[in-house]
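Chain by chain, the residues:
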Amino acid sequence: VTCHTSSARKMGCGRARGVRRNTRDLFQRRFGQNGMPAMSTYLAQYRLGDYVDIVANGAIHKGMPYRYYHGKTGRVWNVTKSAVGVMVNKRVGGRIMAKRLHVRIEHVQASRCVEEFKNRVAANEKAKVEAKRTGKKVAILKRLPKDPKPGYIVKANKQKVNVMCAVPYELLA
């Protein structure tokens, strides 16, 4: 049967165009984590403005996000009974669009992307309070790039140094 007839869709010819195409490994559960999700996923509380990671759970088909959004991080803009509204940035052509989508809480987990920033802010505030209390000047609170490694001299006492250099090219005629 050739795939140029009108019955090509019924025969299974041509490329797949389904919503879940190319997701055999993407939506697969991890080894040893088969079955329904734990109760802690349902008891997690998400508030407006929280950062969440969209990670589709293959065991739950309801409220599953489209495959593009799997692994993306967004901000909660709406909370419903069994889902959260997540705003994710998506690159479309040359521009970045803010896409709003509702995802069930089985496919969402709290993100750790702002954890380091919040810890740094707390440590800076603590340092400011300490400096004010003691009357000393506040040390530099900004993150600084790493300094280059200090130089050192390599000593070759036991072995003779073998100097290697390129042999000059000679035209043999």
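Here, every reference points to the structure presented above.
Analysis parameters
In this convention, every chain numbers its residues from 1, walking through the sequence in written order. The predicted nature of this model means local features are confined to residues of pLDDT at least 70 and side-chain atom pairs, given and counted, to a pLDDT of 80 or more, with totals for whole chains, interfaces and linings taken over all residues. Each side-chain value is worked out from all heavy atoms of the structure, with water and hydrogens disregarded. The numbering of helices and of strands both runs from the N terminus, where a helix is a DSSP run of H or I of at least 4 residues and a strand a run of E of at least 2. Radius of gyration here is computed from C-alpha atoms only, and the compact-globule reference equals 2.2 Å multiplied by the residue count raised to the power 0.38. In this scheme, a residue with accessible area under 20% of its type's maximum is buried, one over 50% is exposed, and one in between is partly exposed, where area comes from a 1.4 Å probe on protein chains only. When DSSP finds two or more bridges between two strands, those strands count as paired. Every angle, taken between N-to-C directions, lies between 0 and 180 degrees, and every axis is a line fitted to C-alpha atoms, over only the stretch in contact when it is a helix. Without a salt bridge and with relative accessible area above 30%, a residue can belong to a patch; like charges are then joined within 9 Å and nonpolar side chains (Val, Leu, Ile, Met, Phe, Trp, Tyr) within 5 Å. Per-residue and other accessible areas were derived by the Shrake-Rupley procedure at a 1.4 Å probe size, with only the shown protein chains allowed to occlude residues. What counts as a salt bridge is simple: a side-chain nitrogen of Lys or Arg found within 4 Å of a carboxyl oxygen of Asp or Glu. Each aromatic pair joins two rings of Phe, Tyr and Trp (for Trp, the six-membered one) with centres within 6.5 Å, and gets the label stacked for planes under 30 degrees apart, edge-to-face for over 60, and tilted for any other angle. A ring is considered to have a charge above it if a Lys NZ or an Arg CZ atom is located within 6 Å of its centre and within 35 degrees of its normal. Grouping buried Ala, Val, Leu, Ile, Met, Phe, Trp, Tyr and Cys residues that are joined through side-chain atoms within 4.5 Å yields what is termed a nonpolar core. When checking whether two residues touch, look at their non-hydrogen atoms; a contact exists if any pair is within 4.5 Å. For a helix, the expected span equals 1.5 Å multiplied by the number of residues minus one.

A. Representation of the overall build of the chain. Per the secondary structure count, the chain includes 3 helices and 5 strands. What you see in the chain, going N to C, is helices and strands ordered as α-α-β-β-β-β-β-α. Taking 16 Å as the expected radius of gyration for a compact globule of 173 residues, we find that the chain reaches 29 Å, considerably beyond that expectation. Within the chain, buried positions represent 19% of all 173 residues.

B. Local environment of the sheet that holds strand β3 (residues 83–92). With antiparallel pairing, 5 strands are arranged side by side in an open sheet as β4-β3-β2-β1-β5. The open sheet has two edge strands, β4 (95–104) and β5 (108–110), and neither has a second partner. Each strand of the sheet is rotated relative to its neighbour by a mean of 45°, with strand direction disregarded. Of the strand pairs in this sheet, β3 and β4 are connected by 10 bridges, and their pairing is antiparallel. Bridge pairing in β4 places Val 88 opposite Lys 99.

C. Representation of a nonpolar patch on the surface within the structure. Residues Met 39, Tyr 42 and Leu 43 make up a contiguous nonpolar surface patch of roughly 340 Å² in combined accessible area. Residue class for Tyr 42 comes out partly exposed when judged on its relative accessible area of 35%.

D. Expanded view of the packing of aromatic side chains. In total, this model carries 1 aromatic pair according to the counting rule given. Where Tyr 68 meets Tyr 69, the ring centres are 5.1 Å apart and the plane angle is 90°; that geometry is what we call edge-to-face. Assessed through its relative accessible area of 28%, Tyr 68 is described here as partly exposed. A cation over a ring is seen here: Arg 100 above Trp 77, with NZ or CZ 4.6 Å from the ring centre.

E. Seen up close, the nonpolar core. The biggest cluster of nonpolar side chains holds 12 residues, and these are Tyr 46, Val 52, Ile 54, Tyr 69, Val 76, Val 84, Val 86, Val 88, Leu 101, Val 103, Ile 105 and Val 108. For this core, the elements supplying multiple residues, two or more each, are β1 (51–54), β3 and β4. With 3 residues, the single largest contributor to this core is β3. Every residue in contact with Val 88, bar those within four places of it in the chain, is listed here: Ile 54, Tyr 69, Lys 72, Thr 73, Gly 74, Met 97, Ala 98, Lys 99 and Leu 101.

F. The arrangement of the environment of Pro 65 in detail. Within the secondary structure layout, Pro 65 lies in the loop between β1 and β2 (73–79). Once the C-alpha coordinates of Pro 65 and Leu 141 are considered, the two residues, 76 residues apart in sequence, prove to be 40 Å apart. Beyond its immediate chain neighbours, meaning those up to four positions away, Pro 65 contacts Phe 27, Ile 54, Ala 56, Leu 101, Val 103 and His 107.

G. The arrangement of the pattern of salt bridges in detail. Evaluation of the coordinates by the stated rule reveals 5 salt bridges. In this structure, the salt-bridge partner of Arg 104 is Glu 106, at a minimum N-O distance of 3.4 Å.

H. Representation of helix α3 (residues 115–134). Here α3 spans 29 Å end to end across 20 residues, near enough to the 28 Å set by a 1.5 Å rise per residue. After α3 finishes, the residue Gly 135 shows a positive phi value of roughly 85°.

These results come straight from atomic positions and should not be treated as a statement about function.
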